[in-house]
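Per-entry structural report
These are the residues of each chain, in order.
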Amino acid sequence: MNKSQANSRFKLKVIAAMVLAGMGAAGTAHADVTIGVILSLTGPAASLGKPAENTIRIWPDQIGGQKVRLVVLNDNSDATEAAKQASKLITEEKVDVIVGPSITPPSIAAMEVAGRNATPIIALGGGNVIIEPQEGPRKWAFKMAAPESLSVDKAIEHMKASNIRNVAIIAVTTSYGEGFLKAFNAQAQTAGVKVVATERIGAQDVSATSQVLKVLASNPDAVYIFSFGTPGATPHIELVKRGYKGAIYQTHGVANADFLRIGGKDVEGAYMAVAPVLVAEQLTAGNPMKKQGVEYVTQYEGKYGPNTRSQFGSTAWTALNWLQATVPVAMKKAQPGTAEFRQALRDALEGMHEVVSPEGVFNMSPANHNGLDARSQVMVRIDGGKWKLVEDKK
């Protein structure tokens, strides 16, 4: 185990120790619910994993009145490491459920391990490939980030209203980028939006000069960047430095404070479809996510400071909301630490109905292990280094 893994394991095992100490000699009627967490705390996706870790630090030590034991591991933004950590959580820690990993490729790797071992996994990664098709190991996988199709639909709606007809794409060379590219190509054609250029960029690339020059040569009305975390800032900054004046769209994959910090003035004016939590206070009173979103943001920023909110921290809070809704249901059928409990928890997750979180309202089914609808997406613009709601029709 390297130093970063040891440090990340620390940190929430401290909570476990406190919980166990609090039980004392009297014990409890039930075993603790053991939750394994895999996050990208180092590597390219660290700006996504760290807000999730911060959020998990403010989770309660009970869910549905049941004591919780948490074990947090770092996958270094790497799929192979994520699979290894998932195996460790299942075989050594005997977890009842896994939360994470932070991004799509590690989530797929961990999902394969979890599914083969009949352990439910609540993935924080964004790609629908984590849960589709619903067969084999994916029957044990759930994810809360909005499907690419919903995010893309919101962006295309905004493009059409802004009279944007020609769009160039820069996509990261991962399953996340490919998922968005596939969705946009399918939906843009139907909507009458033409893709005039498609360029790809690696998550580790430190330059986007060649991709941006080719994009600029296509003379697009807008550029849509399909990337995540701080790597998403690389092509964006290059576009601005090269004098591009058209609209630039990003995905929810960059919806975190580090993107704003690294991008600075160069990302001003960017548009993206995101979960409502990012602009919780700006939502209308009738929006079902406003109450949950404001409560989360108040708690998170009360601990970590103003404007530190992130969609990726909120996603970890949504995982808590899901467990609060489903652990009590599973407890009626079996005890934590058993195969029967894991099966019952999987079934309860699949049966969630109108579960509200800062991310959206979730209605699951055997065919849909995401459960979101159009209410989960709002259009925002970066304005003055902050997230500004463009519209809220909900």
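This text goes with the structure placed above it.
Residues numbered from 1 in each chain as written. Predicted model: local features only at pLDDT ≥ 70, side-chain atom pairs only at ≥ 80, totals over all residues. Heavy atoms only, no water.

1. Points about helix H6 (residues 175–191)
Structural remark: α-helix, 3.6 residues per turn; residues separated by three or four positions point the same way. In a regular helix each residue adds 1.5 Å, so 17 residues correspond to 24 Å; H6 covers 24 Å between its end C-alpha atoms and thus fits that length. Every buried residue belonging to H6 is among Tyr-176, Gly-177, Phe-180, Leu-181, Ala-183, Phe-184 and Ala-188, and all of these are buried. Where the residues of H6 are buried, they touch helix H4 (104–116), helix H5 (148–161), strand E7 (166–172), strand E8 (194–201) and strand E9 (222–226). (Helix = DSSP H or I, 4+ residues; strand = E, 2+ residues; numbered from the N terminus. Expected span 1.5 Å × (residues − 1). Buried < 20%, exposed > 50% of the residue type's maximum accessible area, 1.4 Å probe, protein only. Contact = heavy atoms within 4.5 Å.)

2. Brief notes about the packing of H5 against H6
Between H5 and H6, whose axes approach to 9 Å, the crossing angle comes to 45°. Relative to H6, the element H5 lies oblique. Between H5 and H6 the crossing geometry is right-handed. Between H5 and H6, the contacting residues are Glu-148, Ser-149, Ser-151, Val-152, Asp-153, Ile-156, Met-159 and Lys-160 on the first element and Gly-179, Phe-180, Ala-183, Phe-184, Gln-187, Ala-188 and Ala-191 on the second. Across the contact of H5 with H6, the residue classes break down as eight nonpolar, four polar and three charged. (Axes fitted to C-alpha atoms, helices over the stretch in contact; angles between N-to-C directions. Parallel < 35°, antiparallel > 145°, perpendicular 65-115°, else oblique. Left-handed = near helix turned anticlockwise from the far one by under 90°. Nonpolar A, V, L, I, M, F, W, Y, C, P; charged D, E, K, R; others polar.)

3. A look at empty space enclosed by the protein
Counted under the stated rule, the structure contains three cavities of 30 Å³ or more. Each pocket or cavity is described by its volume, and for the largest cavity that value is around 120 Å³. Forming the boundary of the largest cavity are 17 residues, of which Leu-48, Ser-102, Gly-126, Tyr-176 and Phe-312 lie nearest the centre. Of all the secondary structure elements, the ones that give two or more residues to the lining of the largest cavity are H4 and helix H11 (311–331). Sorting elements by how many residues they give to the lining of the largest cavity places H11 first, with three residues. The residue inventory of the lining of the largest cavity, partitioned by class, reads eight nonpolar, nine polar and no charged. (1 Å grid on protein atoms, 1.4 Å probe; cavity = no way out; pocket = protein on both sides within 12 Å on 5 of 7 lines; lining within 4 Å. Points joined across faces, edges and corners; volume = space filled by probe spheres on them.)

4. A closer look at the pairing of strand E11 (residues 271–274)
Across the two faces of E11 the burial is the same, with Tyr-271 and Ala-273 and Met-272 and Val-274 all buried. Bridge count between strand E10 (residues 247–250) and E11: two bridges; the pairing is parallel. Of the residues in E11, the one forming a bridge with Gln-250 is Met-272. With four bridges joining them, E11 and strand E14 (residues 378–383) adopt antiparallel strand pairing. Note that in E14 the partner of Val-274 across the bridge is Val-378. (Pairing = 2+ DSSP bridges.)

5. A few points about the layout of surface pockets
Estimated volume of the largest pocket: approximately 240 Å³. In terms of lining, the largest pocket is formed by Gly-127, Asn-128, Val-129, Glu-132, Pro-147, Glu-148, Ser-149, Ser-175, Gly-179, Lys-182, Ala-183 and Gln-187. At the level of elements, H5 and H6 are the ones that each hand at least two residues to the lining of the largest pocket. At five residues, H6 tops the list of elements feeding residues into the lining of the largest pocket. Taken together, the residues that form the lining of the largest pocket break down as three nonpolar, six polar and three charged.

6. Details of the packing of H11 against helix H12 (residues 339–350)
One way to put it is that H11 packs onto H12 with a least axis distance of 8 Å and a crossing angle of 130°. Here H11 lies oblique to H12, going by the angle between them. Of the two possible hands of crossing, H11 and H12 adopt the one that is right-handed. On H12, the residues that touch Trp-322, Leu-323, Thr-326, Val-327, Val-329, Ala-330 and Met-331 of H11 are Phe-341, Ala-344, Leu-345, Ala-348 and Leu-349. Across the contact of H11 with H12, the residue classes tally to eleven nonpolar, one polar and no charged.

7. Some remarks on the packing of aromatic side chains
Summed over all chains, the structure comprises eleven aromatic pairs. With centroids separated by 5.6 Å and ring planes inclined at 40°, the aromatic side chains of Tyr-296 and Trp-317 adopt a geometry described as tilted. Placement of Tyr-296 in helix H10 (residues 290–304) and of Trp-317 in helix H11 is noted, with a sequence separation of 21 residues between them. Across the pair, Trp-317 and Tyr-296 agree in class, each one buried. Following the ring pairs from residue to residue traces out a cluster consisting of Tyr-176, Phe-180, Phe-184, Tyr-224, Phe-226, Tyr-249 and Tyr-271. (Phe/Tyr/Trp six-rings, centres within 6.5 Å; stacked < 30°, edge-to-face > 60°.)

8. Some details on the pattern of salt bridges
Within this structure, the stated rule accounts for 15 salt bridges. Residues Glu-112 and Arg-116 are paired through a salt bridge, measuring 3.9 Å at the closest nitrogen-oxygen approach. Here the residue Glu-112 and the residue Arg-116 both occupy positions in helix H4, the gap between them amounting to four residues, near one helical turn. Assessed through its relative accessible area of 29%, Glu-112 is described here as partly exposed. Among the residues examined, Arg-116 registers a relative accessible area of 59% and is labelled exposed. The salt bridge involving Arg-375 is made with Asp-373; its shortest N-O contact spans 2.8 Å. Residue Arg-375 is classed as partly exposed on the basis of its relative accessible area of 24%. Classification of Asp-373 as partly exposed rests on a relative accessible area of 29%. (Salt bridge = Lys/Arg side-chain N within 4 Å of Asp/Glu carboxyl O.)

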